[in-house]
Amino acid sequence: MFQLINGPQTLGASRVFWLPFLAVLVLVLAYPAVADSYDVGNMAYLLTWTFMAMGLCLVWGYGGMLSFGQTFFFGVAGYGYGVLATNLGGESGTTFLALALALGLAALAAAVLGYFMIWGRVGGVFFGIVTLSATLVLAFFLGQTAGPEWHIGNARLNGFNGMKDMAPLNIPWFGGEPLFFEGVALYYLVVALILVVYLGLRILLNSRFGNVVVAVREDPQRAELLGYDVRKYQLATFVIGSALAGLSGVLYTSWGQFITPASIGLPAAAMPIVWVAFSGRGDITATLVGSFLVLWAFQALTVYSQQAALLLMGAMLLCTVMVAPQGFVIGVANAVRRLFARRGAPKAAAPSKLPEATTAEVRA
């Protein structure tokens, strides 16, 4: 199975890729030792969004289905976690049960929505329209749940004020005190999950499943004529990618102990499209690296002006479409690959000179 980590569907298959990968991983693991608690918590916040980006890369980049529904499943899982963690008590490991059930809820919602779209032959731009409509309906519904009658058990939805005060992820620990995944602990949990998801997606994409998914993207009719049930592969891809968006929703809700409809609405729904398009939707590594860099830059600019940050996102998407449709991160990776290939290529041997006598004979 592990030999599938390298394959035709993912960039990087040599020491030129994996040695820098390990170096970056060491730096990421050492980061809390040199940063203060605020910066570590902020870095954990940025990393929680990368699951949503990787999920969209799987659905859109590899599966060919442009989805504006990532924040829909983000919201379903985030609110689901809040409701479940509040009603289960939020202690003695029940938060991880809430996490699992919330992810299951997001996957179920994706399976139902995806079934009607895929079996209904909804494709192309209409796939994006349907998923965007579902996202906006959920955001509108949650926005009008401010009254006390809008509650599920002990959990109040609170409308635009958002749900809050749900317990963060925690597990029983030595001495009877639970270990709360906040700050450094949450950071390491998120890093571990990113590593597992990233390597798992590489194995999945380089397996028979991934090859069929790419074949369906390139020519669904040909894949169907070869005997593959195209709809099942598309639905499985959509469910996995949507569940990853749900994982972002749960981790975000646990990180801040709140979630609002603003994290689901139209501006939020467009952000993952920009991250993945700019990074390069054709490769999971490019999406992971590029999305994190874009998120970091967006947050740094938001400190000064949120409007300027949104304008930057729009400009980045426009430049990507016009200048580098394959994505800027993939473009840079291809340029580096060509540079190494050019340096490693043997120099052409200079033509040897003919002896004088032979030269005279040729002239004669």
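Reading the values: the criteria
- Residues numbered from 1 in each chain as written.
- Predicted model: local features only at pLDDT ≥ 70, side-chain atom pairs only at ≥ 80, totals over all residues.
- Heavy atoms only, no water.
- Helix = DSSP H or I, 4+ residues; strand = E, 2+ residues; numbered from the N terminus.
- Contact = heavy atoms within 4.5 Å.
- Lys, Arg positive; Asp, Glu negative; His and termini not counted.
- Charge placed at Lys NZ, Arg CZ, Asp CG, Glu CD.
- Axes fitted to C-alpha atoms, helices over the stretch in contact; angles between N-to-C directions.
- Parallel < 35°, antiparallel > 145°, perpendicular 65-115°, else oblique.
- Nonpolar A, V, L, I, M, F, W, Y, C, P; charged D, E, K, R; others polar.
- Phe/Tyr/Trp six-rings, centres within 6.5 Å; stacked < 30°, edge-to-face > 60°.
- Buried < 20%, exposed > 50% of the residue type's maximum accessible area, 1.4 Å probe, protein only.
- Salt bridge = Lys/Arg side-chain N within 4 Å of Asp/Glu carboxyl O.
- Expected span 1.5 Å × (residues − 1).
- Polar contact = N/O pair within 3.5 Å; in protein donor to acceptor, adjacent residues only side chain to side chain.
- Left-handed = near helix turned anticlockwise from the far one by under 90°.
- pLDDT = per-residue confidence, 0-100.

Visitor: Please provide a residue-by-residue account of the overall build of the protein chain, values included.
Guide: Check the secondary structure of the protein chain and you find 15 helices and six strands. Along the first, second and third principal axes, the C-alpha atoms of the protein chain reach 105 × 55 × 45 Å. Looking at the protein chain alone, contacts between residues at least 24 apart form 76% of all its contacts between residues at least 6 apart. Charged side chains in the protein chain number 18 positive and 14 negative. The centres of these two groups are separated by 14 Å.

Visitor: Lay out the packing of helix H4 (residues 70–88) against helix H6 (residues 125–143) with the relevant residues and their values.
Guide: Where H4 contacts H6, the axes come no closer than 8 Å and their chain directions differ by 40 degrees. Between H4 and H6, the angle is such that the two are oblique. In contact with Thr71, Phe72, Val76 and Tyr79 of H4, H6 contributes Ala134, Thr135, Leu138 and Leu142. When its residues are assigned to classes, the contact of H4 with H6 shows six nonpolar, two polar and no charged.

Visitor: I'd love a proper account of the packing of aromatic side chains, names of residues and values included.
Guide: Under the criterion given, the structure shown has 24 aromatic pairs. Taken together, a centroid distance of 6.0 Å and an interplanar angle of 40 degrees make the contact between Tyr31 and Tyr187 tilted. With Tyr31 in helix H1 (residues 15–34) and Tyr187 in helix H7 (residues 184–205), the pair connects residues that are 156 residues apart, well separated along the chain. Note on Tyr31: relative accessible area 23%, which makes it partly exposed. Tyr187 gets classed as buried once you look at its relative accessible area, which sits at 2%. Aromatic pair Tyr228 and Tyr233: ring centres 6.1 Å apart, planes at 85 degrees, arrangement edge-to-face. Residue Tyr233 is classed as buried on the basis of its relative accessible area of 14%. Joined through ring pairs, the aromatic side chains of Tyr45, Trp49, Phe74, Tyr252, Trp255, Phe258 and Trp275 make up one cluster.

Visitor: So what's going on with the pattern of salt bridges? Which residues, and what values?
Guide: All chains considered together, the criterion is met by four salt bridges. A salt bridge links Arg217 to Glu218, with the shortest nitrogen-to-oxygen separation between them at 2.7 Å. Take Arg217: its relative accessible area is 30%, and that puts it in the partly exposed class.

Visitor: Describe in detail helix H12 (residues 284–302), supporting the description with residues and values.
Guide: When the terminal C-alpha atoms of H12 are compared, their 26 Å separation across 19 residues agrees well with the 27 Å that a helix rising 1.5 Å per residue should span. Looking at H12, one finds that the buried residues are Ile284, Thr285, Ala286, Thr287, Leu288, Gly290, Ser291, Val294, Leu295 and Phe298. Residue Asp283 occupies the N-cap position of H12, its side-chain oxygen lying 2.9 Å from the main-chain nitrogen of Thr285.

Visitor: Could you give an account of the packing of helix H2 (residues 37–48) against H7, naming the residues involved and the relevant values?
Guide: Two numbers describe how H2 lies on H7: the axes approach to 8 Å, and their chain directions differ by 30 degrees. Comparing their axes, H7 and H2 come out roughly parallel. The handedness of the crossing between H2 and H7 comes out as left-handed. Mapping the contact onto sequence places Val40, Met43, Ala44, Leu47 and Thr48 in H2 and Val184, Leu186, Tyr187, Val190, Val191 and Ile194 in H7. Taken together, the residues that form the contact of H2 with H7 break down as 10 nonpolar, one polar and no charged.

Visitor: Provide a residue-level description of the environment of Leu27, including the pertinent values.
Guide: Here Leu27 shows up in helix H1. Taking the C-alpha atoms as reference points, Leu27 and Leu47, 20 residues apart in sequence, are found 15 Å from one another.

Visitor: Quick rundown of the confidence of the model for the protein chain? Include the residues and the values.
Guide: Mean pLDDT for the protein chain: 88, with 92% of residues reaching 70 or above. Low pLDDT, under 50, characterises residues 348–364; the predicted model gives this stretch two contacts beyond four residues in sequence or across chains.

Visitor: How would you sum up the environment of Ala134? Please name residues and give values.
Guide: With respect to the secondary-structure elements, Ala134 resides in helix H6. With relative accessibility at 17%, the residue Ala134 sits in the buried group. Along the chain, Ala134 and Phe74 lie 60 residues apart, while their C-alpha atoms are 12 Å from each other.

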